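# Examination of the molecular architecture
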Amino acid sequence: MTLTQLQDQSEEALKDRLAALKADYEQYRTKKLKLDMSRGKPSPEQLELSMPMLDVLSSKSDMKAENGVDTRNYGQLDGIPEAKRFFADLLEVETDEVIVGGNSSLNLMHDTIMRGMVFGFPESSAPWSKQGKIKFICPVPGYDRHFAICELFGIEMIQVAINEEGPDMEEVERLVREDDSIKGMWCVPKYSNPSGATYSDETVERLVSMETKANDFRLFWDDAYTVHHLTDEHDPLKNVLAAAKEAGQPNRPIIFASTSKVTFPGSGVSVIAASRDNINHFLKLMSSQTIGFDKINQLQHVRFFTEVEPLDAHMKKHAKLIKPKFELVLSTLEEKLGGKGIATWSKPNGGYFISLDIVDGAARKTVTLAKEVGVTLTGAGAAFPYGIDPRDRNIRIAPTFPSVDELKEALNVLCTCVEIASIEQLLATK
Ligand code: PMP
């Protein structure tokens, strides 16, 4: 078989190819595989990198923060000063524009939206839930858990395509200018989940300065992968809070991040950064929710990264472990699917995912075929609101968790299934 695009092949040639692929597929079935590429989790080797952090504190440690606050006791709702400084430096904001939270940024995002629904924001005429239908703009493909939050609160999701520069800004600007029920927009601005795209300077500038019909519109700026570079070539991202201030819209962005994929997912430290108005609004509401987050974990993280190991060096160790996995995905896709006209994929400089687009109508079939021979992929459609990919063509590849050998096997299965599903789809439409 030459690399002629499959669409251009005769029905007979396609049927021959399909028969050969199905024979390969049956071979996989006999292997009784049990491989999981479904979620973007760090591998056990990556988790090992952060084990020395657990030696930073012991029963002999001075547990006081630099302002004398005892981290073992209640208080300091906005976080200990050294943790606020650490995250303020990381996100290039001021220390009083930061609240250091608990173990999960998703938790902060959920609660921020819930506060919007129940109480509104400083400019809101009423809580969002009292303003009728509420809508969010959702760049797609995107992060399924963002969409799950919207679904939970009955927020209608409007899909906007994401390209290499970020979301389609013509469309975003048109939507927010005309509709005051659009209150928010999800953004994963760097090494986006799953497309890997980083928003261009122009995209950031347009997002902070665009005219919105709703005066309490917010950008939910989930900077989850801000330090997760794969190579020494880092995608630059414009500082959204500084740009928003310059555009006269300081309250528009709310930035979220965490150390989940830096240290330990589920036991990291999260952060929210925003204008002082927003921060004061959140602190007032949060003070009824908690007396303070886990300051011992904050202390442990800050002492590790400022006294033991710089963050950059730590992230390079992560990159060293996961870069070969990304390279394996890219070279396998090229080798097995390249030139056939049935697939395109992202080539990210960071983050946790590769986004694969195949023939329209073939993604669900691919994921089902893979599952049947023991390879679990992220559900088709997961990267779209309500779990429905309108073109049924996107598959999210999460290469970090499996070992290189497991990944190799899983990719062979994936590519076989992609080609089977694509040829069947082509034959059905011929
Ligand atoms: N945001 C994005 C874009 C993510 O991909 C993830 C993890 N998969 C999270 C947030 C979750 O972050 P956390 O562990 O801080 O809740």
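All values derive from a computational prediction rather than experimental measurement.

Looking now at the site of the ligand. Neighbouring residues of the ligand: 13 residues in total, closest Ser104, Ser105, Leu106, Ser258 and Ser260. When its residues are assigned to classes, the shell around the ligand shows 5 nonpolar, 7 polar and 1 charged.

Turning to the sheet that holds strand β13 (residues 394-397), a few remarks are in order. Spatially, β10-β11-β13 is the arrangement adopted by the 3 strands of the open sheet, whose pairing is antiparallel. Unpaired on one side and paired on the other, β10 (343-345) and β13 mark the two borders of the sheet. On average, adjacent strands in this sheet sit at an angle of 20 degrees to one another, irrespective of strand direction. Lying on the sheet, helix α12 (residues 363-372) is in contact with β11 (354-358) and β13; it crosses β13 at an angle near 45 degrees.

We now examine the domain arrangement of the protein. Considered domain by domain, the protein is made up of domain 1 (6-47 + 313-429) and domain 2 (63-308). The centre of domain 1, based on its C-alpha atoms, is set 31 Å off from the matching centre of domain 2. Facing 24 residues of domain 1, the contacting portion of domain 2 comprises 27 residues. Elements supplying a minimum of two residues to the side of domain 1 that touches domain 2: α11 (311-337), β11 and β13. Taken together, the residues of the side of domain 1 that touches domain 2 sort by class into 14 nonpolar, 7 polar and 3 charged.

Two faces belong to every sheet, and in a regular strand the side chains alternate between them. In terms of burial, strand β6 (residues 182-187) is a largely internal element, 6 of the 6 residues being buried. Here strand β3 (residues 135-140) pairs with β6 via 3 bridges, running parallel. Looking at the pairing, lysine 135 lines up with isoleucine 182 of β6. As defined by bridge partners, β6 adjoins strand β7 (residues 218-222) across 4 bridges and the pair is classed as parallel. The partner of cysteine 187 across the bridge, within β7, is tryptophan 221. One crossover worth recording links β6 to the parallel β7 by way of helix α7 (residues 201-209), and it is right-handed.

What follows deals with unusual backbone geometry. Here valine 140 and proline 141 are connected by a cis peptide whose omega angle stands at -5 degrees. Within the fold, proline 141 resides in the loop between β3 and α5 (144-152). Of the consecutive residues asparagine 193 and proline 194, the connecting peptide bond is found in the cis state with omega at 5 degrees. Positive phi, normally seen in glycine, also occurs at glutamine 76, with a value near 60 degrees. Assignment of secondary structure puts glutamine 76 in the loop between α2 (44-49) and α3 (81-91). Positioned with a positive phi, tyrosine 191 is a non-glycine residue whose angle comes to about 45 degrees. Relative to the helices and strands, tyrosine 191 is located in the loop between β6 and α7. We classify tyrosine 191 as buried; it has 28 C-beta atoms within 10 Å.

Reading guide: rules and limits
Residues numbered from 1 in each chain as written. Predicted model: local features only at pLDDT ≥ 70, side-chain atom pairs only at ≥ 80, totals over all residues. Near = placed C-beta within 6 Å. Nonpolar A, V, L, I, M, F, W, Y, C, P; charged D, E, K, R; others polar. Pairing = 2+ DSSP bridges. Helix = DSSP H or I, 4+ residues; strand = E, 2+ residues; numbered from the N terminus. Axes fitted to C-alpha atoms, helices over the stretch in contact; angles between N-to-C directions. Contact = placed C-beta atoms within 7 Å. Domains from an automatic or database assignment. Buried ≥ 20, exposed ≤ 12 C-beta atoms within 10 Å, placed from the backbone. Right-handed = clockwise from strand over helix to strand, strands pointing away.

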